[in-house]
Amino acid sequence: MTGRGRMAVGGGVALGIGLAALGFVVAALVGGAPGTVAGYVCFGLVALVFGGSGVAMLAGSRVMPPDWPPRDD
């Protein structure tokens, strides 16, 4: 797998974790999940950080040259 592919897979995983955390926060806000305010804030930060890094990695994988990183033969 190329560096571009690994970056796309990592971005997809990070985005999935961020969306899952966001789903939990939304469920908590509508009363579907018990917890504390600190827990909601923590999951909100997880959603923000992982979602943002996932989007950035996916965007970076689109502009990365296909043959990057160069390999020494």
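The following paragraphs examine the structure supplied in this document. Just so it is clear, the model here is predicted, and its values are computed rather than measured. All chains use their own residue numbering, which begins from 1 and follows the written sequence. Since the coordinates come from a predicted model, pLDDT governs what is reported: local features require at least 70, and pairs of side-chain atoms require 80 or more to be given and counted, while whole-chain, interface and lining totals use all residues. With hydrogens and water stripped out, all remaining heavy atoms of the structure feed into the side-chain values.

1. Considerations on the overall build of the chain
Secondary structure elements follow DSSP: runs of H or I of four or more residues count as helices, runs of E of two or more count as strands, with numbering from the N terminus. Counting its regular elements, the chain contains 2 helices and 0 strands. Relative to the globule expectation of 11 Å for 73 residues, the C-alpha radius of gyration of the chain, 16 Å, shows a markedly less compact shape. Expressed as lengths along the three principal axes of its C-alpha atoms, the size of the chain is roughly 55 × 15 × 15 Å. Categorising residues by exposure relies on relative accessible area from a 1.4 Å probe, with only protein chains included: less than 20% of the type maximum marks a residue as buried, more than 50% marks it as exposed, and the intermediate range marks it as partly exposed. The 73 residues of the chain split such that 21% are buried. Taking the intrachain contacts of the chain between residues at least 6 apart in sequence as the baseline, contacts between residues at least 24 apart amount to 77%. Carbon and sulfur atoms provide 75% of the accessible area of the chain, an area that totals close to 4900 Å². We compute the radius of gyration over the C-alpha atoms and compare it with the globule rule, which gives 2.2 Å times the number of residues raised to the power 0.38. By the convention used here, residues are in contact when the closest approach between their heavy atoms is within 4.5 Å. Areas reported here follow the Shrake-Rupley algorithm with a probe of radius 1.4 Å; residue values treat only the protein chains shown as occluding.

2. A few points about the packing of aromatic side chains
The aromatic pairing rule takes the rings of Phe, Tyr and Trp, using the six-membered ring of Trp, and pairs them if the centres are within 6.5 Å, calling planes under 30 degrees apart stacked, those over 60 edge-to-face and the rest tilted. Counted by the stated rule, this structure contains 1 aromatic pair. Judged by centre distance (4.6 Å) and plane angle (45°), the rings of Phe 24 and Phe 43 are tilted. Residue Phe 24 is found in helix H1 (residues 3-29), and its partner Phe 43 is found in helix H2 (residues 37-63); the two are separated by 19 residues along the sequence. Since its relative accessible area comes to 30%, Phe 24 is described here as partly exposed.

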